[in-house]
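Coordinates in review
Okay, here's what each chain looks like letter by letter:
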Amino acid sequence: MELTLVLVISVLALAFAGWLTTNVFSNDTGTDAMQAISNAIKEGAEAFMRRQYKTIALLSIVVAAVIFILYGFLRPHNNADPVEALPLAGYVTVSFILGALSSGIAGYVGMFVSIRSNIRTASAARTSLNRALQIAMRGGAVSGLFVVAMSLLGVGGLFAVLNKLGGIDPRKIPFMIVGYGFGASFVALFAQLGGGIYTKAADVGADLVGKVEAGIPEDDPRNPAVIADLVGDNVGDCAGRGADLFESTAAENIGAMILGVGLYQFFGLKGVLFPLVVRAFGLIASIVGVMVVRTKEDADPMAALNRGYYVTSILAIVGFFGGSRWLLQSSSAPDAWLYFFFCGVIGILTAFAFVFITQYYTEYKYRPVKEIAEACQTGPATTIITGIAVAFECTAMPVIVISGAIVASYYIGNQSGIPESFHPGLFGTAVATMGMLGTAAYILAMDTFGPITDNAGGIVEMSQQPEEIRKKTDRLDAVGNTTKALTKGYAIGSAALAAFLLFSAYLDEIRNYGTRLTSVDIAKPEVFVGALLGAMLVFLFSAFAIKAVGKTAYTVINEVRRQFKEKPGILKGTDKPDYATCVDIVTVAALRQMVLPGLLAVGMPIAVGLLFKTLGIGAESVAAFLMVGTIAGILVATFLNNGGGAWDNAKKYIETGMYGGKGSDAHKAAVVGDTVGDPFKDTAGPSLHVLIKLLSTITLVLAPFFI
């Protein structure tokens, strides 16, 4: 019954996403000039996605073949294996392929709708701010609903199929489908990396040559890189973030199910399926939250989005209460369901905290961004110095919140009445992670709202619509910048909680294979080195990702300069720039640059595990690598995300008229800070969210090889 409910709700959510698509597409598509710009964005985004997914598909096939060979032929059969070697290899490989495929579909569908929602949002802004807001939010909700529903369908469907086959202990099934989370993580890493490199290289190139050198406004049609910049908003912020949160939900579902197996004698199969059921209830909550979003013409659009988030969160709490009461009943621990419900509430409150902490550090009405804007008056150097100081400062509060959530949920889980030998505290942290991800569909809708409204503003600017229309899209764009920043904060918070959960699942899996690892002894040289390598990976990966943006932006800058030099009429408005060449240059360069950091992230945990296995301490060294790599990743991702967001909004604060406004020396310094922060907040930072979870899922899949 529980599985049936999950699958039915998932299908209904996909059907509702289809209705939202129809509803959005039924709106007006504006003037011919607006459509010409929208079509250029659409063609560029789809061309990039086709090339990117072809590259990812080839890499996925290679990895799937390696997994099958490793499991089927190079690893001796273990008595703890649920089935024989070849069938197990088949199950893990197929689940990997399905995870990769589902992640790709979810990301592509979200982007497909977003690049068709932008023109309709722009057109609606000509008559109604509320209608434009609703179109952008509903277009974004398609991505959010598809991501969570596809994740549930994949994990729940695989579990249902294997359970129906018979002859397999249902407690073993979560260990057989860990490949699904790895497949989702694998695609997410390259989708986020490639999209992030593309969007920020185009943005940096457009800003430095357009704003700083040529002195023309943002989204000016004379800038040859402006279409590539608008394309990047979709392939990075929409498709990339969709893949990111898809693998968050998929990996967390499987990790929580593995921990649920440890409490099987108390809750039975219901405890294993609990994560899927409450995630399904979260889908319903998100649908209601999306539909209540509306605003008055003179009201703050952010208040409307926050209201929808509050409704979603309250309904998610109600769903947690019902799911806990229904599925976590045990005669030997009659009050356990209530304790685990409170763990879920902690997760939801943690999401709230991350949203508001991110707002504080990235919105220009608060101290940190105002400090950076003030520093812009004395030039780029003080802008960078102050921005980095803010970025370092902003790591403190998120760490305190995450630490409090982990300790509190662990303690409450241990008070549930279940003996500590069954690790109820770990299950409590898993339930907190479920709580934080309970509103994932709505949060992703808010995230995709960002690129839709950004594109709408660009379309209005480039098609030279009246100033009052641009003011409406500017209001929505400002809100979209905030929601994108909030989602990054939410994503790193959920990644931190999910990483702790998946680390616990890793310990459970190696325990399942006969290696009882109760602690990680950092005093052992091999274990210490494993931990050190985990931290080093985070910094090296970030360096490669940021450098990739710099190299790709270099090609964009040179192309824009070439066009301005060879066609002086572009800046006078008498010649038309060549947008297509810029789009193609960024596409080719971004896809080439994403491969090295991606392969580093996949290859390093495998190399560490196999190397230290030869020294007889593989499982523990990998545990240290995973643990310290996660800690470093959380801190560095927070530094990059919030620091970049603060620089961006310091520039926007000055553009409101402060410190001389647009064109002033302070504004030029702020643009430099913004371009430095771009690869921080939209390439390296978001990619680290995926890296953290990829390390967990890849070690889950390959744990038997490290023992």
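Definitions and limits used
- Residues numbered from 1 in each chain as written.
- Predicted model: local features only at pLDDT ≥ 70, side-chain atom pairs only at ≥ 80, totals over all residues.
- Heavy atoms only, no water.
- Helix = DSSP H or I, 4+ residues; strand = E, 2+ residues; numbered from the N terminus.
- Rg over C-alpha atoms; globule rule 2.2 N^0.38 Å.
- Contact = heavy atoms within 4.5 Å.
- Areas by Shrake-Rupley, 256 points an atom, 1.4 Å probe, with all protein chains shown as cover.
- Lys, Arg positive; Asp, Glu negative; His and termini not counted.
- Charge placed at Lys NZ, Arg CZ, Asp CG, Glu CD.
- Core = buried A, V, L, I, M, F, W, Y, C linked by side-chain atoms within 4.5 Å.
- Buried < 20%, exposed > 50% of the residue type's maximum accessible area, 1.4 Å probe, protein only.
- Expected span 1.5 Å × (residues − 1).
- Axes fitted to C-alpha atoms, helices over the stretch in contact; angles between N-to-C directions.
- Parallel < 35°, antiparallel > 145°, perpendicular 65-115°, else oblique.
- Left-handed = near helix turned anticlockwise from the far one by under 90°.
- Nonpolar A, V, L, I, M, F, W, Y, C, P; charged D, E, K, R; others polar.
- Phe/Tyr/Trp six-rings, centres within 6.5 Å; stacked < 30°, edge-to-face > 60°.
- Lys NZ or Arg CZ within 6 Å of the ring centre and 35° of its normal.
- Salt bridge = Lys/Arg side-chain N within 4 Å of Asp/Glu carboxyl O.
- pLDDT = per-residue confidence, 0-100.
- Polar contact = N/O pair within 3.5 Å; in protein donor to acceptor, adjacent residues only side chain to side chain.

**A look at the overall build of the protein**
What the protein contains, in helices and strands, is 22 helices and 0 strands. Scaling as 2.2 N^0.38, a compact globule of 707 residues should have a C-alpha radius of gyration of about 27 Å, and the protein matches this with 24 Å. The dimensions of the protein, computed from C-alpha atoms along their principal axes, are 75 × 50 × 45 Å. Partitioning the contacts of the protein with sequence separation of at least 6, the portion at a separation of at least 24 is 85%. Carbon together with sulfur atoms contributes 65% to the accessible area of the protein, which is approximately 22,900 Å² in total. The protein carries 51 positive and 52 negative side-chain charges, and their two centres are separated by 3 Å.

**Thoughts on the nonpolar core**
The nonpolar side chains of soluble globular proteins are, as a tendency, buried together. By size, the foremost hydrophobic cluster in this structure holds 248 residues, and its most contacted members are Phe340 and Tyr506. Among the elements that take part in this core, helix H4 (residues 129-165) stands out by supplying 20 residues, more than any other. Ignoring sequence-local partners within four residues, the contact set of Phe340 consists of Leu263, Phe267, Ser324, Leu328, Gly413, Ser416, Ile418, Pro424, Phe427, Gly428 and Val431.

**With respect to helix H17 (residues 467-512)**
An ideal rise of 1.5 Å per residue puts 68 Å on 46 residues; H17 measures up with 65 Å between its terminal C-alpha atoms. Here H17 lies mainly inside the structure; 36 of its 46 residues are buried.

**Concerning the environment of Leu162**
On the secondary structure map, Leu162 appears in helix H4. Judged by its relative accessible area of 5%, Leu162 falls in the buried class. The sequence separation of Leu162 and Ile631 amounts to 469 residues, and the corresponding C-alpha distance is 35 Å. Setting aside chain neighbours within four positions, we find Leu162 in contact with Tyr91, Ile168, Ile173, Met176 and Ile177.

**Notes on the environment of Phe500**
Positionally, Phe500 belongs in helix H17. Separated by 74 residues in sequence, Phe500 and Leu426 have C-alpha atoms that sit 8.9 Å apart. Leave out the neighbours within four places in its chain, and Phe500 touches Ile406, Leu426 and Thr429.

**Side note on the side chain of Ser95**
By secondary structure assignment, the location of Ser95 is in helix H3 (residues 85-124). For Ser95, the residues in contact, after removing those within four places along its chain, are Leu158, Met176, Ile177, Gly179 and Tyr180.

**Side note on the packing of helix H11 (residues 336-362) against H17**
Relative orientation of the contacting elements H11 and H17 amounts to 135°, with a least axis distance of 8 Å. The angle between H11 and H17 places the two elements in the oblique class. Judged by the twist between their axes, the crossing of H11 over H17 is right-handed. Of H17, the residues touching H11 (which contributes Thr350, Ala351, Phe354, Val355, Thr358, Gln359 and Thr362) are Thr482, Ala485, Leu486, Gly489, Tyr490, Ile492, Gly493 and Leu497. Residues of the contact of H11 with H17, tallied by class, amount to 8 nonpolar, 7 polar and no charged.

**Re the packing of aromatic side chains**
Two numbers describe a pair of aromatic rings. These are the distance of the centres and the angle of the planes. Scanning the model with the defined rule gives 27 aromatic pairs in all. A ring pair is formed by Phe267 and Phe340, whose centres lie 6.2 Å apart and whose planes are at 80°; its orientation type is edge-to-face. You can see Phe267 sitting in helix H8 (residues 264-267) and its partner Phe340 sitting in helix H11, a full 73 residues away along the chain. Comparing Phe267 with Phe340, the two get one shared label, buried. Each residue in the set Tyr309, Tyr310, Phe352, Phe356 and Tyr442 is aromatic and connected to the rest through ring pairs, giving one cluster. Positioned over the ring face of Phe112 is Arg116, at 3.7 Å from the centre of the ring. Above the plane of the ring of Tyr264 lies Arg171, whose end atom (NZ or CZ) is 4.9 Å from the centre.

**Focus: unusual backbone geometry**
One non-glycine residue, His423, lies in positive phi territory at about 60°. With respect to the helices, strands and loops of the structure, His423 is situated in the loop between helix H14 (396-414) and helix H15 (424-436). The class for His423 is partly exposed, based on a relative accessible area of 28%. The phi dihedral of Tyr659 falls on the positive side, at around 55°, and the residue is not glycine. Mapped onto the elements of the fold, Tyr659 is located in the loop between helix H21 (618-655) and helix H22 (665-706).

**Here's the deal with the pattern of salt bridges**
Applying the stated criterion across every chain yields a total of 18 salt bridges. Linking Asp648 and Lys651 is a salt bridge whose minimum nitrogen-to-oxygen distance equals 3.9 Å. Of the two residues, Asp648 and Lys651 both sit in helix H21, 3 residues apart, roughly one turn of that helix. Residue classification places Lys651 among the buried residues on the basis of a relative accessible area of 2%. Close ionic contact of Lys651 with Asp674 constitutes a salt bridge, the shortest N to O distance being 2.8 Å. One end of the pair, Lys651, is in helix H21; the other, Asp674, is in helix H22, with 23 residues separating them in the sequence. Pair check on accessibility: Lys651 and Asp674 agree, each one buried. Salt bridges linked by common partners bring Asp648, Lys651, Lys652, Asp674, Asp678, Lys681 and Asp682 together as one network.

**Quick notes on the packing of helix H16 (residues 440-462) against H17**
Packing of H16 against H17 brings their axes to within 7 Å, and their N-to-C directions diverge by 145°. Seen from above, H16 lies across H17 with left-handed handedness. Looking at side-chain class alone, the contact of H16 with H17 contains 11 nonpolar, 8 polar and 6 charged residues.

**A few points about the side chain of Thr295**
Positionally, Thr295 belongs in the loop between helix H9 (269-291) and helix H10 (301-327). Contact partners of Thr295, with chain neighbours within four places excluded, come to Asn130, Leu133, Asp300, Pro301 and Ala304.

**What about the confidence of the model for the protein?**
Here the protein averages 86 in pLDDT, and 98% of its residues register 70 or above. Within the protein, the element-level pLDDT minimum falls on helix H7 (residues 226-261), averaging 78, and the maximum on helix H13 (residues 380-393), averaging 95.

**Thoughts on H10**
Helix length check: H10 (27 residues) gives 39 Å between terminal C-alpha atoms against 39 Å at 1.5 Å per residue, within 8%. Capping of H10 at its N-terminal end is provided by Asp300; its side-chain oxygen lies 3.1 Å from the backbone amide nitrogen of Met302.

**What to know about the environment of Gly157**
Checked against the element boundaries, Gly157 lands in helix H4. The class of Gly157 is buried, set by a relative accessible area of 18%. Measuring from C-alpha to C-alpha, the distance between Gly157 and Val560 comes to 49 Å, with 403 residues separating the pair along the chain. Setting aside chain neighbours within four positions, we find Gly157 in contact with Leu7 and Leu152.

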